[in-house]
2 protein chains.
Amino acid sequence: MAEAPGSVGIVAPQTAQFEQGLELACGRRLPRFELIYECYGELNRERSNAVLICHALSGHHHAAGYHNEDERKPGWWDDCIGPGKAIDTNRFHVVSLNNIGGCHGSTGPRSINPETGRVYGPDFPSLRARDWVNSQAMLSDLLGIEQWAAVIGGSLGGMQAMRWALSYPKRVRHCVVIAAALKLSAQNIAFNELARQAILSDPDYQAGHYLDGESIPRKGLALARMIGHITYLSDDAMAEKFGRELRSGTFDQGSESRVEFQVESYLRHQGSVFSENFDANTYLLMTRALDYFDLAREYGDDPVAAFSQAIASFMVISFSSDWRFSSQRSREIVNALIAAGREVSYAEIEADQGHDAFLLPIPRYRDVLSAYMQRVGDGG
Amino acid sequence: MAEAPGSVGIVAPQTAQFEQGLELACGRRLPRFELIYECYGELNRERSNAVLICHALSGHHHAAGYHNEDERKPGWWDDCIGPGKAIDTNRFHVVSLNNIGGCHGSTGPRSINPETGRVYGPDFPSLRARDWVNSQAMLSDLLGIEQWAAVIGGSLGGMQAMRWALSYPKRVRHCVVIAAALKLSAQNIAFNELARQAILSDPDYQAGHYLDGESIPRKGLALARMIGHITYLSDDAMAEKFGRELRSGTFDQGSESRVEFQVESYLRHQGSVFSENFDANTYLLMTRALDYFDLAREYGDDPVAAFSQAIASFMVISFSSDWRFSSQRSREIVNALIAAGREVSYAEIEADQGHDAFLLPIPRYRDVLSAYMQRVGDGG
């Protein structure tokens, strides 16, 4: 797999140490921290071809390639990152990191708080998208990248990309915002709250100190993941994927056997897998950061005033069946950018897969992203 | 309140005993059982003005009026049932019952199984919509109602109304189907499965035998209710109701206070109230019956063949922002009825309130229902 054409092949994550710590938006200070990241493709002499990938809720630094020969699945955005792909590693030096607060190697709730010598757990400070952007800027400094050719992200990653364009206008040449929004709707917040309550209601959550004990809140995390799975897919996508197919049981008259639909066992399986691989405190932190995100809040709730801070050119992409971050939300971004006099391209991709579409190999999506990245690479 | 114009006033529930039991679709037999019901308005001499109300997932027999002077809220469909209202108790004799499997007085998981002398709990037999219809037919016999002027229901109640028209064609003159579907979509099943898993994951569920102990699965039930609340409302309705209003906390830079959105506390409150008033085993039973429902299954999956069994005239109503039982699903019902040569009226009501709209006082909805019921009352 690692030697397949278009693959970046075997990659090794690296870790950066930041002894200086970071002042957070919540007012607390994160002491000494680490960021784990991966790079694909060579940085050019002018250091002008670097692309930053910001991850979404459950993402991490491993966006492309394989960690070893035995790894069966490549990084989460391998469809778009690699030699000859939309984000072409023959042209770009791609950097992908795990955000602080994460659970895949960067400093997060599972890490030791150097000030107490104990695991952070639920005491990890609350985070905002801007904290991630600030920590990513520190990583940029360390890597000697003064300006990103592009900052790219989907969903929560797209929100970070927009925040980059406001917080560090000169450091972002292009900003690619996929399936995102200026802020969450009440419905979005409600689904996130549901997921949080599922975790908090699990007695194994132990007020967040589950790592001190034997158990982890598997059931709560599994429920949270199920909520994500249902709402990140469209009704049509679920119908196509599962219909009302039975996995077991029968509808025959007189039968007592338990009828179970495919979609039920799929959701239970996905929830169960996720609960073994993700940290509950990270999930709470990440969904909170999503809920808090409101790009224009400090600009008098005026997104035009907000985007007036930006210098970057923007590419905004949405998906027709995405009902959690609908095309309407993307058009609000586009309209504000136009009103602010910014350069912006917009594409709504026809796709049945709902919000999940941003991670999937959809030809028109790849073509649109590829064409835009050509322009980025040509210095456009 | 009970003396307000348009109110049926103080009503007293009645209980009917069925010593003969009921053969269920699952093959098991429900022994001796009870149905609790209420009646509003007089039955005429011809016994031709009776209307049956079928309730939805969390509904019950108390559809209109007040149980006593101190009751603050009237029955769940008081907006539509009463003298001079859409379902006019000056013209109709309205019967509303709690279904078997329920938790408001009819035989259900909280009842004693007469064959064992112990509470049914999780051993209550699994139910289908047709079981409810069959038990309602037994109640009709007891009340001496040979034919209903109309069988009316919203959501799961609409599914029972359709089943009535197929199972007992001659006993239904009009069938009013509101915010329903021929069968659930995979997404609908997924949301129901999520709610079930929330209950089953609660350690207080105790494999369904929680009534034997001290605790009830409050947290699981509360989560299940939250899922319902979010998905029965539209995105727009939530935005209008809550926006991103804060209940507590502040977004000021440097603040550590916990930001909490209105929608979060609302959901937690609603979930908590529900968990005190509803039975977890009933919730599991009811959502299963919803998932199993498939009107045309035994007719070769052909809804036209199914509706060819019916004699009734139909009124189908849907709501523009209902995304769990969308207008598209209602149009499938209407199209099949037309193809089957049945008489059918259809109205899509413009409403922002999502699936919940069927319970709300929406003027055009009341007008449409009222006009149709006029026709029913005139013997049309």
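Keep in mind it's a predicted model, so treat the numbers as computed, not measured. (Residues numbered from 1 in each chain as written. Chains lettered and ligands numbered in written order. Predicted model: local features only at pLDDT ≥ 70, side-chain atom pairs only at ≥ 80, totals over all residues. Heavy atoms only, no water.)

A. Fine view of the overall build of chain A. A tally of regular secondary structure across chain A gives 10 helices and 16 strands. Expected size for 380 residues packed as a compact globule is a radius of gyration near 21 Å; at 21 Å, chain A falls within 12% of this value. Along the longest, intermediate and shortest principal axes, the C-alpha atoms of chain A span 75 × 50 × 50 Å. For chain A, buried positions account for 59% of its 380 residues. Relative to all contacts within chain A whose residues are 6 or more apart in sequence, the contacts with residues 24 or more apart total 72%. Accessible surface, chain A as shown: approximately 14,200 Å² in total, 45% of it carbon and sulfur. Between the centroid of the 36 positive side chains of chain A and the centroid of its 47 negative side chains there is a distance of 4 Å. (Helix = DSSP H or I, 4+ residues; strand = E, 2+ residues; numbered from the N terminus. Rg over C-alpha atoms; globule rule 2.2 N^0.38 Å. Buried < 20%, exposed > 50% of the residue type's maximum accessible area, 1.4 Å probe, protein only. Contact = heavy atoms within 4.5 Å. Areas by Shrake-Rupley, 256 points an atom, 1.4 Å probe, with all protein chains shown as cover. Lys, Arg positive; Asp, Glu negative; His and termini not counted. Charge placed at Lys NZ, Arg CZ, Asp CG, Glu CD.)

B. Quick look at helix α9 (residues 327-339) of chain A. Residue and element names in this part refer to chain A. With 13 residues, α9 should cover 18 Å at 1.5 Å per step; its first-to-last C-alpha distance of 18 Å lies within 8% of that length. Of the positions making up α9, those classed as buried are Ser327, Ser330, Ile333, Val334, Ala336 and Leu337. Where α9 is buried, its residues touch α2 (156-167), β12 (174-178), α8 (303-307), β15 (313-319) and β16 (344-349). (Expected span 1.5 Å × (residues − 1).)

C. Representation of the relation of the copies chain B and chain A in the model. Rotating chain B by 180° and translating it 0.0 Å along the rotation axis places it on chain A, where the RMSD comes to 0.0 Å. Taken together, the rotation and translation relating the two chain copies correspond to the operation of a two-fold axis. When the interface residues of chain B are mapped onto chain A, 100% of them again lie at the interface, so the same face is used by both copies. (Least-squares fit on C-alpha atoms with pLDDT ≥ 70 in both.)

D. Quick peek at the interface of chain B and chain A. Listed as interface residues are 55 residues of chain B and, on the opposing side, 55 residues of chain A. Counting the surface chain B buries against chain A, the share from its top three residues, Gln187, Arg244 and Phe251 of chain B, is 14%. The partner of Glu264 of chain A in a salt bridge is Arg288 of chain B, with the nearest N and O atoms 3.2 Å apart. At the surface where chain B touches chain A, the tally comes to 14 residue pairs in polar contact (both at pLDDT 80 or more). For the side of chain B that touches chain A, the secondary-structure elements that each account for two or more residues are α3 (186-201), α4 (218-232), α5 (235-242), α6 (262-277) and α7 (280-292) of chain B. If one sorts the elements of the side of chain B that touches chain A by residue count, α3 of chain B sits on top with 11 residues. (Buried area = accessible area lost by both parts, 1.4 Å probe. Salt bridge = Lys/Arg side-chain N within 4 Å of Asp/Glu carboxyl O. Polar contact = N/O pair within 3.5 Å; in protein donor to acceptor, adjacent residues only side chain to side chain.)

E. Just α3 of chain B, in detail. Between its terminal C-alpha atoms α3 of chain B stretches 22 Å, which fits the 22 Å expected from 16 residues at 1.5 Å a residue. Extensive coverage of α3 of chain B is indicated by the burial of 15 of its 16 residues.

F. Looking closely at the nonpolar core. With 229 residues, the main nonpolar core has Trp77, Ile87, Ile152, Ile178, Phe307 and Phe319 of chain A together with Phe307 of chain B as its most contacted residues. Those residues in contact with Ile152 of chain A that sit more than four places away from it in its chain are Val51, Leu52, Ile53, Cys54, Trp77, Ile87, Val176, Ile178 and Met373 of chain A. Counting 35 residues, the second largest nonpolar core, distinct from the first, contains Ile81, Ile152, Ala347 and Ile349 of chain B. (Core = buried A, V, L, I, M, F, W, Y, C linked by side-chain atoms within 4.5 Å.)

G. The arrangement of the state of the cysteines in detail. Residues and elements named next belong to chain A. Under the counting rule described, the total for this entry stands at 0 disulfides over all chains. Free of any disulfide, Cys54 has its nearest neighbouring cysteine sulfur in Cys175, separated by 8.6 Å. Classification of Cys54 by relative accessible area gives buried; the value is 1%. (Disulfide = S-S within 2.5 Å.)

H. Spotlight on the packing of aromatic side chains. Inspection of every chain in the model, using the stated rule, returns 27 aromatic pairs over all chains. Ring centres of Phe274 of chain A and Tyr283 of chain A lie 5.8 Å apart, and the angle between their planes is 80°; on these two criteria the pair is classed as edge-to-face. The residues Phe274 of chain A and Tyr283 of chain A share a single accessibility class, namely buried. Seen from their ring centres, Trp164 of chain B and Tyr168 of chain B are 5.2 Å apart, and the 50° between their planes marks the pair as tilted. In this structure Trp164 of chain B comes out as buried when scored by relative accessible area, which is 0%. A connected cluster of aromatic rings, assembled from ring pairs, spans Phe191 and Trp323 of chain A together with Phe191 and Trp323 of chain B. (Phe/Tyr/Trp six-rings, centres within 6.5 Å; stacked < 30°, edge-to-face > 60°.)

I. View of the pattern of salt bridges. One pass over the full model with this rule turns up 37 salt bridges over all chains. The salt bridge involving Arg247 of chain A is made with Glu260 of chain A; its shortest N-O contact spans 3.0 Å. With a gap of 13 residues between them, Arg247 of chain A in strand β13 (residues 246-248) and Glu260 of chain A in strand β14 (residues 260-261) connect regions that are remote in the sequence. Connected through shared salt-bridge partners, Glu193, Arg196, Arg288 and Asp291 of chain A together with Arg247, Glu260, Glu264 and Arg268 of chain B make up one network.

J. Representation of the side chain of Ser234 of chain B within the structure. Considering the arrangement of structural elements, one finds Ser234 of chain B in the loop between α4 and α5. Of the polar contacts made by the side chain of Ser234 of chain B, one reaches the backbone oxygen of Asp352 of chain B; its length is 2.3 Å. In this view, Ser234 of chain B contacts Gln187 of chain A together with Ser321, Trp323, Asp352, Gln353 and Gly354 of chain B; residues no more than four positions away in its chain are not counted.

K. Structural context of unusual backbone geometry. Residues and elements named next belong to chain B. With a phi close to 50°, Ala179 is a non-glycine residue in the positive phi region. Note that Ala179 resides in the loop between β12 (174-178) and α3. Residue Asp301 is not a glycine yet carries a positive backbone phi of 60°. With respect to the helices and strands, Asp301 occurs in the loop between α7 and α8 (303-307). Looking at Asp301, the relative accessible area reads 51%, which means it is exposed.

L. Local environment of the side chain of His355 of chain B. All names here are of chain B. Mapped onto the fold, His355 is located in the loop between β16 (344-349) and α10 (363-377). Exposure remark for His355: the relative accessible area of 2% places this residue in the buried category. In this structure His355 touches Ser155, Ala179, Tyr232, Asp322 and Phe325, once residues within four positions along its chain are discounted.

M. Quick peek at the domain arrangement of chain A. All names here are of chain A. For chain A, the assigned domains are domain 1 (14-184 + 293-377) and domain 2 (189-287). Placing a centre on the C-alpha atoms of domain 1 and another on those of domain 2 gives a separation of 26 Å. Contacts between the two partners involve 29 residues from domain 1, matched on the other side by 27 residues from domain 2. Across the domain 1/domain 2 interface, buried area totals approximately 2,400 Å², and carbon plus sulfur atoms make up 62% of it. On the domain 1 side of the contact with domain 2, Leu57, Trp323 and Arg324 bury the most area, a combined 29% of that side's loss. The interface formed by domain 1 and domain 2 includes 2 salt bridges. Measuring nitrogen to oxygen at the nearest pair gives 3.4 Å for the salt bridge that ties Arg110 to Asp279. Counting across the domain 1 and domain 2 interface gives 10 residue pairs in polar contact (both at pLDDT 80 or more). For the side of domain 1 that touches domain 2, the residue count by class is 12 nonpolar, 11 polar and 6 charged. (Domains from an automatic or database assignment. Nonpolar A, V, L, I, M, F, W, Y, C, P; charged D, E, K, R; others polar.)

N. Geometry of the sheet that holds strand β1 (residues 14-18) of chain A. All names here are of chain A. In spatial order, the strands read β1-β4-β8-β5-β11-β12-β15-β16; together these 8 strands make up an open sheet with mixed pairing. Lying at the two open borders of the sheet, with one neighbouring strand each, are β1 and β16. Strand after strand, the sheet turns through a mean of 20° between neighbouring axes, direction not considered. Judged from the 5 bridges that link them, β1 and strand β4 (residues 33-40) form a sheet pairing that is antiparallel. Following the sheet pairing, Gln14 is matched in β4 by Tyr37. Sheet strands touched by helix α10 (residues 363-377): β5 (50-54), β11 (150-154), β12, β15 and β16. Its angle to β15, the strand with the most contacts, is close to 175°. (Pairing = 2+ DSSP bridges. Axes fitted to C-alpha atoms, helices over the stretch in contact; angles between N-to-C directions.)

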